[in-house]
Every structure is written in structure tokens, then in C-alpha cells.
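# Summary of the model geometry
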Amino acid sequence: MHAPRIPTALSLLLAFAPATALAGPATAIGQLRASAAEAAKVAVTATVSADFREGLGGVFVQDGGDGDPATPDGLFVRPVEGVQFPEGVAAGHECRFQGRLVEERRGGSRATVLLAERVDRCRAAQPVAALTLDALPQDWAALDGMRVRIEAPLFVAGTDALSRYGELAVSFDGRLWQPSELAHPGTPEHAGLAARNARVRLLLDDGSQARDPGQVAYLGDSAAPRVGDVVLGAEGVVEQRHGSWRLQLDRPLRFEAAQRPAPPQVPGNVRVAAFNLENLFNGNGRGGGFPTPRGAKTEQAFEAQLAKLVATVHGLDPDVAALMELENDGYGEDSSIARLVRELNAGGAQWRFVDAGRGPGADTIRVGIIYRADRLVPRGAPAVLEGGPFGERSRVPLAQAFRRKGGGKEFVVVANHFKSKGCSEATGDNADRKDGQGCWNALRLDSAQRLHAWLQSAPLGKGRERVVILGDFNAYAMEDPVRWLREDAGWTDAFAAAGVERPWSYVYQGLSGRLDHALLSPALVPHLRGAAEWHVNADEPDDAGYAGRNVPGPWRSSDHDPLLLGFEL
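Okay, so let's go over this structure. Position labels on residues start from 1 in each chain and follow its written sequence. Only residues with pLDDT of 70 or above have their local features reported here, since the model is predicted, and side-chain atom pairs are shown and tallied only from 80 upward, although totals for entire chains, interfaces and linings are computed over all residues. Where side-chain values are given, they derive from all heavy atoms of the structure, hydrogens and water being excluded.

### A word on the pairing of strand 10 (residues 201-205)
Condition: Burial here depends on accessible area, computed with a 1.4 Å probe over protein chains only, as a share of the maximum for the residue type. Under 20% is buried, over 50% is exposed, and the range in between is partly exposed. Going along the chain from the N terminus, every DSSP run of H or I of four or more residues is numbered as a helix, and every run of E of two or more is numbered as a strand. Any two strands with at least two DSSP bridges between them are considered paired.
Within strand 10, four of the five residues are buried, leaving the element largely enclosed by the surrounding structure. Where strand 9 (residues 168-171) meets strand 10, four bridges bridge the pair, whose relative direction is antiparallel. Looking across to strand 10, one finds that Leu168 is bridged to Leu204.

### Overview of the sheet that holds strand 22 (residues 467-472)
The strand order across the open sheet formed by six strands is 19-20-21-22-26-23, and the pairing between neighbours is mixed. Every interior strand has two partners, whereas the edge strands, strand 19 (376-384) and strand 23 (492-493), have only one. Direction of pairing for strand 20 (residues 395-404) relative to strand 21 (residues 411-417): antiparallel, over a ladder of six bridges. If you follow Ala399 over to strand 21, its bridge partner there is Val414.

### Some details on the packing of helix 6 (residues 299-316) against helix 7 (residues 336-344)
To keep it simple, the criterion reads: Here an axis means a line fitted to C-alpha atoms, over the contact stretch when the element is a helix, while the angle between two N-to-C directions is reported on a 0 to 180 degree scale. Working definition: roughly parallel below 35 degrees, roughly antiparallel above 145 degrees, roughly perpendicular at 65 to 115 degrees, and oblique for all remaining angles. Each crossing gets its hand from how the near helix is turned against the far one by less than a right angle, where anticlockwise is left-handed and clockwise is right-handed. Whether two residues are in contact is decided by their heavy atoms, any of which lying within 4.5 Å being enough. Here the term charged refers only to Asp, Glu, Lys and Arg, the term nonpolar to Ala, Val, Leu, Ile, Met, Phe, Trp, Tyr, Cys and Pro, and the term polar to all other amino acids, Gly among them.
Their axes nearest at 10 Å, the elements helix 6 and helix 7 cross at an angle of 60°. Comparing their axes, helix 7 and helix 6 come out oblique. The element helix 6 and its partner helix 7 pack so that their crossing is right-handed. Only Arg339, Leu340, Glu343 and Leu344 of helix 7 make contact with helix 6, whose side of the interface consists of Phe302, Glu303, Leu306, Val310, Val313 and His314. The residue inventory of the contact of helix 6 with helix 7, partitioned by class, reads six nonpolar, one polar and three charged.

### Re the packing of helix 8 (residues 441-456) against helix 9 (residues 480-487)
Geometrically, a packed helix pair is captured by the angle between its two axes and the distance between the axes. Following both chains from N to C, one finds helix 8 and helix 9 inclined at 30°, their axes separated by 8 Å at the closest point. The orientation of helix 8 relative to helix 9 falls into the category roughly parallel. Along this stretch, helix 8 crosses helix 9, giving a crossing that reads as right-handed. Here helix 8 contributes Asn441, Arg444, Leu445, Ala448, Gln449 and His452 to the contact with helix 9, which in turn contributes Asp480, Pro481, Trp484 and Leu485. Residue composition of the contact of helix 8 with helix 9, by class: five nonpolar, three polar and two charged.

### Brief notes about the pattern of salt bridges
What counts, and what does not: Definition used for salt bridges: Asp or Glu carboxyl oxygen within 4 Å of a side-chain nitrogen of Lys or Arg.
Overall, the coordinates contain 44 salt bridges when judged by the stated rule. The closest approach of N and O atoms between Arg175 and Asp539, which form a salt bridge, is 3.1 Å. Here Arg175 is found in the loop between strand 9 and helix 4 (179-182), whereas its partner Asp539 is found in the loop between strand 27 (528-533) and strand 28 (563-567), with 364 residues between them in sequence. Each member of the pair Arg175 and Asp539 is classed as buried. Arg549 is the partner of Asp543 in a salt bridge, and the nearest nitrogen-oxygen pair spans 3.0 Å.

### Brief notes about the nonpolar core
Considering soluble globular proteins, one finds that nonpolar side chains tend to be buried as a cluster. Selection criterion: As used in this record, nonpolar core signifies buried Ala, Val, Leu, Ile, Met, Phe, Trp, Tyr and Cys residues forming a set joined through side-chain atoms within 4.5 Å.
Core analysis: the largest hydrophobic core is formed by 33 residues, its most contacted members being Leu277, Leu280, Leu323, Leu340, Leu344, Trp351 and Ile370. Sorting the residues of this core by element identifies strand 15 (270-280), helix 6, strand 16 (320-327) and helix 7 as the ones contributing at least two each. At eight residues, the largest contribution of residues to this core is made by helix 6. Setting aside chain neighbours within four positions, we find Leu344 in contact with Val310, Val313, His314, Ala349, Trp351 and Ile370.

### Notes on the state of the cysteines
This is how the line gets drawn: Here, the term disulfide refers to a pair of cysteine sulfur atoms separated by no more than 2.5 Å.
Per the stated rule, a full pass over the model turns up two disulfides. Disulfide pairing places Cys95 opposite Cys122 at an S-S distance of 2.1 Å. With the S-S dihedral at roughly 115°, the linkage between Cys95 and Cys122 falls on the right-handed side. Of this pair, Cys95 sits in strand 4 (residues 93-106) while Cys122 sits in strand 5 (residues 109-124), and the two are 27 residues apart along the sequence. Overall, the relative accessible area of 0% leaves Cys95 in the buried class. Among the residues examined, Cys122 registers a relative accessible area of 28% and is labelled partly exposed. Covalent S-S linkage joins Cys423 and Cys439, the inter-sulfur distance amounting to 2.0 Å.

See the structure below:
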């Protein structure tokens, strides 16, 4: 809580001026909120339940109630311009607040606020006791402005707004799923999932409007939590802002931490991985050239980033890996992919990279393929698909055939990275249709269709029918591009074939789903033995990464989780 401000002469004069021009007898807050007209002159006698003058510009007050559980007994009070609260306004003090009751817009939400023109009769009182919630309430609106304590366990659903806005997304019912991961956009099922998410979701907020607040007060000495951790005993004031119900907190949270996952194990004699590296840029390759257009800002940050990525790849222990978001800087000794391979080989491994000669593509970032030369043998030259959506938007796909060293059946790995959902320059069919698929959905669907047609043309030669296309498709499982590949083109979702329930590789705005996929040709499906994701990234808070606390090991080496497949070949 914040210390009360020292009153000025003007504020004291206004606070104790005659009230004849203002409201008459005090009215219960619940009755005011249920019936008061816009800009009505009102008076309430209530106790300050939380002081957010430093962050939100006012205080929450609460009275003894009007006997109606459908009307909230709390209210936000903000002084009118030119007035400051007197010294007696502090948490646990009861005062008489007089002024105008108005509705304010707060980023898509409307809030009832008392604009105080006069505050007097302040005295010490019993602190406001928080209303205990043992379960999700039927209606948050009935608790608006009231102090509550949530005894029900709250599942941490998302941390991506924590460092930027001091907001933590939590759920009363476990992990929240992207609706388009589970249901086709535009269907009643999709709408029902979105409504369910909105119902069980709550934001825990830091009681300020600051951007990039630094230390989030309610974390206290605790590190930022992971998705899957549990919040215990959250206490604060209920409020709606920016379209979301939230709890403005004024005391530290307690967490029950979830266990971090061990490296996945999959059966089979060939292990195939896919991993979005989140912009591995190595400057000029000789220790300089920082900051780069993407990725690490300094050489030291790059070294920390690289160490995390190497720890991730070593933990997965694949035979071959498709990579996304590599710096597109060639294949020489100073290239990003060459540096990654050198670091992977520092312990004596025999990693190599597929050299496409140039690119692939002319984008700032590209895909790549690395493999263990002591385990696999590349067969023939690689192939790339250029033109159409590939190059300027979707990254150029790269395909390479392999077989096990010492013999075995050939198989083809195709690394992909489709256009992201960001709306820059998106027009026409690529604009956001507001169906949950974001911008550039039409281009991603075109990319999927052209990729399939290209692979049907046998770009690596006839007879290579065992194919896995994998990587970052920037589309959830039931969105048009991935759904078309499965349902119209005959590719099989490796995770569905392996019997993995509810996989996820990405968490955005508190919703989990898959942007990263592995799709198998009919000839490869019988060889699949297992599929897994390693949740080292999506569930981790941003500050666990190399640019933050830099937690040792693979944790938050990227914003996407890597995937791993096992085949018997």
C-alpha cells in the first residue's frame, strides 16, 4: 500500500468546504451503482479497502452493503482535477466521499467511478475484511470494486504480459486452450471454447498502469512463475479493465511451483526434432556486429543464448533437427548455423549442417537442417521451394533425404516456417477475419497447398515417399493450413498418430496450443514409434531467458517448445 499524500492548502480547503451545493445524506454503494444516473451528485460513507493512488490514481472504498448480493458494495474513488485527498484517506479509514458518479471507458470496458469533490469525517475504522471465494463466482459484476480473497487454487495460464504490464493470467480450471487448437474457427464449438476461456480466466494485476514496471510488486522476492504453477490465497480488489476481469493486488502472492519436465524419451532408432530458435543472430561472426536486426543485442547475450540452445539440442539428443529463425547469413565459418554446429560439437559430437548453397530464400531469417554425421547419411542434394508466398512472406522450405549410417530405409525431412499472424501490410483475404486465425491466413493456406504440390512432384527424386514436414506453421491445429494438409492432402498429425493428448508448443495471452507441427506422409506413418514436446520454453516466463535472469540450462531458450519424433527405420 502507498503512504497517504500530505494535503495541500487547496485540498484541505476543498475537503472541508460547506457541502450545501453537493449531495445530501450518504447512500449505500450498492444502491448508488444500481440506480444512479450519469454525473449524479452523490455521497457515500465507506472505508478505504485499498490505496492505489500511485498506480491507478485513486482508492477503492467499501461499505457495509445494501443487503442485495447482486449489487457490489465497493467503488473506485478518484479526486477531481485540482483536488487531493486529505491526510485521513488511508486503507482502514472510513470517510465521507461526495462528488459525481460517472461511467468511464477503460480500453473496451466501462467502469463506475466516484469523482470526489469533497472528502471529510475521516476516522480510523475496522479494516475491510476480504470476501472469501472458494470457487469461481457466478458473476464478477456483483463483486466489482470489492475486496476478495480467492482460496480456490488458481492455475497460472500465461505470463507473457507480466514484464510488460504487471499482469498474470490465471484460470479457475487448469490450462486454457486456444480455441482454434481444438475446434475449427467459425463453428459453434469454437465460440463455446472462447466463451469458456473468458469465463474461467482472471488477470492478477499490479495496481498500476505502468508499462515495463520493472519489479512487479506482488511477486515480492519470488521469481516470475511458470505456466502450470498454482497461486494460493490471492487477495485484492475486483475490477474490469481493458475487457478483462482482474484482481488488483496489494500484497504478495504465494505460489506452489510445478516441476520442470525432464528431457523426453521416444522409442525408435531414428530421432527427428524441430525447433524454432527465436532469432539466432551472431553479429559478424567474429565477436562484433551487435546489435543485430533480431536476437541478442550484445556478444555476451548471444553467448548466453547460444548456450541455452545447445543445452536444448543436447537434451533432446536427436539424429536430425529442422530449425527455424536462423540468421540468413550463408554457410561460411562466420555464419550463424556454422557457429551453432561448432558449439554442438564442442563435446566431441559429429554434427553437420545441410548446405543449400544460398539462402534458402532472401528473408532476414531462414530455416535450416542439422544432423549427426555419426548416425545419419544425407542422400542426394537438398531441394528448396521458391516463389509464390515463399521468400517475402513464408520462409523458403528446405528438404533433404537421409538414411541411417550402416543401412536402413531412406526418409525425407522438410523444414518449414510459414508467415506469422502479425497484421503488418495485410489486406484483402489476408486481413484479420476475426475468426481466431489472425492475419495472413490465406497466404498460409496457399503456402500449405504449394508445399504439398511440390512434394508430390518428387523434388528429391522418385521413390522417396517417407516424408515428414515439420516446423513452425504459425497456425493452430484446427486452422485452415494445417487442417487442409491433414484432411484434404492426406498428411497425418504425428502427435495424433502417437496418441499424445492435448499437446502444446506455444502460449500466447494465456492460451496454449501448437504452432509447431509434424505431419507424416502415408508411407512414413507405419514407422512412427513416438512423439513428444519438451516444455522448456512456452511455459517459462520471459525473464528466465538469456536476456533476463538467464536461468542455467535450456529454460526459455526460445519462445517455442521443441518437438521430438521417434521412428523405426
